[in-house]
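# Structure at a glance
Each chain, letter by letter, is given below.
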Amino acid sequence: MADKTALYPWHVEHGARMVEFAGWTMPIQYTTIVEEHHAVRTAAGIFDISHMGRLSIGGPDAFALLQKVFTNDVASMRSGQVRYGLICNEQGGVRDDVLVYRWQQGFAMVVNAGNRHKIYDWLLAHRAGMEVEILDRTLETCMVAVQGPRSAELCRHLTDAEVEELKYYFATTCNFRGAPCVVSRTGYTGEDGFEFIVNATRGIELWTELIARGALPCGLGARDTLRLEAAMPLYGHELTEEIDPFQAGLSWAVKLDKGDFIGREALLRRRDDPALPRRVGLQLSGRRIAREGYTVWQDGKQVGQVTSGTFAPTLQKSIAMAYVRPDCAVPGTPLVVDVRGHREPAQVVPLPFYKRPRQTPG
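Worth saying up front: this structure is predicted, and the values here are computed from it rather than measured.

Turning our eyes to something else, we now look at the overall build of the protein. When helices and strands are tallied, the protein shows 8 helices and 20 strands. Relative to the 2.2 N^0.38 estimate, which gives 21 Å for 362 residues, the radius of gyration of the protein is 20 Å and therefore close to what a compact globule would have. Across its three principal axes, the protein shows a C-alpha extent of roughly 65 × 50 × 40 Å. Expressed as a percentage of the 362 residues in the protein, the buried residues total 58%. When contacts within the protein are restricted to residue pairs at least 6 apart in sequence, those whose partners lie at least 24 apart make up 65%. Carbon and sulfur atoms make up 50% of the accessible area of the protein, which totals about 15,100 Å². Charge separation in the protein, taken as the distance between the mean sites of 41 positive and 42 negative side-chain charges, equals 4 Å.

Structural data, given as structure tokens:
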């Protein structure tokens, strides 16, 4: 039976279309995906992201464990900083892409919903001989994201901290109406925004307050079109246990010089392998949508496969991400996508498809 977030009763009461996703019953849309998408690009939208896994990692050896399993470098993080990175298997394939939060008293990690138990067990398996406590806080907390150019305005004076002054990819602990709260300036839409974590009992109170301030409720449908325009990889699509970070274009999140970590030796071998497909952006000539699994062709030969695709509401173009042969990955390369038997012309384009001016993550 699927889990339900603390906001489930509100979603149902307000007519959200509910679907099962990664073991959770989640809202896919309230009005239309396009309307919710545009609200985030032009004003502010709010998402229930309580299905994401929230782990607390503490103890004297918490730092050592994270350095062992995380491709990015925890050593250079400051207290309150948030850092994106990968957890890889021994062959260099991606087990998950995660956010690590560094605090004075320890660490936290946000993982993908479908990988929560897998990563929790992975951390337990690799803490042998270490003094580390790993707690799964997912079910006892609620997580919501406010995204869009008005998000800072809507969050002003919401807590006892001036969260609008947070730098990109930084977080703070504070209080929301007397209750403990974590706020980070992070998101998955390509827009400015904030992600809040509160106790599950306070979730609806936080959610309704942000809606009263002007945030439009949005579902997973818009979250997907937004992240796709921003070319953010989705686990199970652009990232899998068979795909390494270099193939995915995430070399910036892999610090090979930080010391040993799980998968490092394999990544050193795979980094320059000319046979491994590479993630690219595709822009199709027409309005047909290139769905996951559709094949990509050049000169009558299959050269790749689509991992995600949509008709982009902001750009008014059909876009997709795909893995193709390295010699076909150069922007400007003409390709063809097989869309249900129709050969649709496409061109490799730089990623991301959509970009807003913003600070670079730490």
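Moving on, we come to the layout of surface pockets. By rolling a water-sized probe across the atoms, one finds the places where empty space is left. A volume near 580 Å³ is recorded for the second largest pocket. In this structure, the second largest pocket is lined by 25 residues; those nearest its centre are Ser 56, Arg 137, Thr 141, Val 182 and Ile 197. Elements with a minimum of two residues in the lining of the second largest pocket: strand E5 (53-58), strand E7 (94-103), strand E8 (106-111), strand E11 (171-176), strand E12 (179-184) and strand E13 (193-199). For the lining of the second largest pocket, the residue count by class is 14 nonpolar, 8 polar and 3 charged.

With that settled, consider the environment of Arg 291. By the secondary structure assignment, Arg 291 is in the loop between strand E15 (278-284) and strand E16 (295-298). Placed 151 residues apart in sequence, Arg 291 and Glu 140 show a C-alpha to C-alpha distance of 36 Å. Leave out the neighbours within four places in its chain, and Arg 291 touches Val 306 and Gly 309.

A few words on the nonpolar core. Counting 34 residues, the largest nonpolar core has Phe 47, Tyr 84, Leu 86, Leu 99, Tyr 101, Leu 239 and Leu 267 as the members making the most contacts within it. When contributions to this core are tallied by element, the ones reaching two or more residues are strand E6 (82-88), E7, strand E10 (141-147) and helix H7 (220-229). When sequence neighbours within four positions are dropped, the list of residues in contact with Leu 99 reads Val 82, Arg 83, Tyr 84, Ala 108, Met 109, Val 110, Tyr 169, Thr 186 and Glu 195. Formed by 28 residues, the second largest nonpolar core is a distinct cluster that contains Ile 46, Cys 142, Leu 166 and Phe 170.

Now for unusual backbone geometry. The peptide bond linking Leu 351 to Pro 352 adopts the cis configuration, its omega dihedral lying at 0°. Mapped onto the secondary structure, Pro 352 falls in the segment after strand E20 (342-349). Although it is not a glycine, Tyr 169 sits at a positive phi angle of roughly 65°. Mapped onto the elements of the fold, Tyr 169 is located in the loop between helix H5 (151-155) and E11. Judged by relative accessible area, Tyr 169 falls into the buried class, the value being 9%. Even without being a glycine, Gln 316 presents a positive backbone phi close to 55°. Mapping Gln 316 onto the fold places it in the loop between strand E17 (301-312) and strand E18 (317-324).

Moving on: the sheet that holds E8. The antiparallel open sheet is built from 5 strands, whose spatial order is E6-E7-E8-E5-E9. Single-partner strands in this sheet number two, and they are E6 and strand E9 (133-136). When strand polarity is set aside, the average angle formed by the axes of neighbouring strands in this sheet is 25°. Direction of pairing for E5 relative to E9: antiparallel, over a ladder of 4 bridges. Each bridged residue has a counterpart across the sheet, and for Leu 55 the counterpart in E9 is Asp 136. Strand contacts of helix H3 (residues 62-69): E5, E6, E7, E8 and E9, with the helix running at about 35° to E8, the strand carrying the most contacts. Strand contacts of helix H4 (residues 116-125): E5, E6, E7, E8 and E9, with the helix running at about 170° to E9, the strand carrying the most contacts.

For the coordinates displayed, the defined rule picks out 21 salt bridges. The partner of Glu 191 in a salt bridge is Arg 41, and the shortest N-O contact between them spans 3.0 Å. Taken together, the residues span a long stretch of sequence, with Glu 191 in the loop between E12 and E13 and Arg 41 in helix H2 (residues 33-42) at a distance of 150 residues. With respect to class, Glu 191 is no different from Arg 41; both count as buried. Residues participating in the shared-partner salt-bridge network are Arg 177, Arg 202, Glu 205, Glu 209 and Arg 213.

About the cut-offs
- Residues numbered from 1 in each chain as written.
- Predicted model: local features only at pLDDT ≥ 70, side-chain atom pairs only at ≥ 80, totals over all residues.
- Heavy atoms only, no water.
- Helix = DSSP H or I, 4+ residues; strand = E, 2+ residues; numbered from the N terminus.
- Rg over C-alpha atoms; globule rule 2.2 N^0.38 Å.
- Buried < 20%, exposed > 50% of the residue type's maximum accessible area, 1.4 Å probe, protein only.
- Contact = heavy atoms within 4.5 Å.
- Areas by Shrake-Rupley, 256 points an atom, 1.4 Å probe, with all protein chains shown as cover.
- Lys, Arg positive; Asp, Glu negative; His and termini not counted.
- Charge placed at Lys NZ, Arg CZ, Asp CG, Glu CD.
- 1 Å grid on protein atoms, 1.4 Å probe; cavity = no way out; pocket = protein on both sides within 12 Å on 5 of 7 lines; lining within 4 Å.
- Points joined across faces, edges and corners; volume = space filled by probe spheres on them.
- Nonpolar A, V, L, I, M, F, W, Y, C, P; charged D, E, K, R; others polar.
- Core = buried A, V, L, I, M, F, W, Y, C linked by side-chain atoms within 4.5 Å.
- Pairing = 2+ DSSP bridges.
- Axes fitted to C-alpha atoms, helices over the stretch in contact; angles between N-to-C directions.
- Salt bridge = Lys/Arg side-chain N within 4 Å of Asp/Glu carboxyl O.

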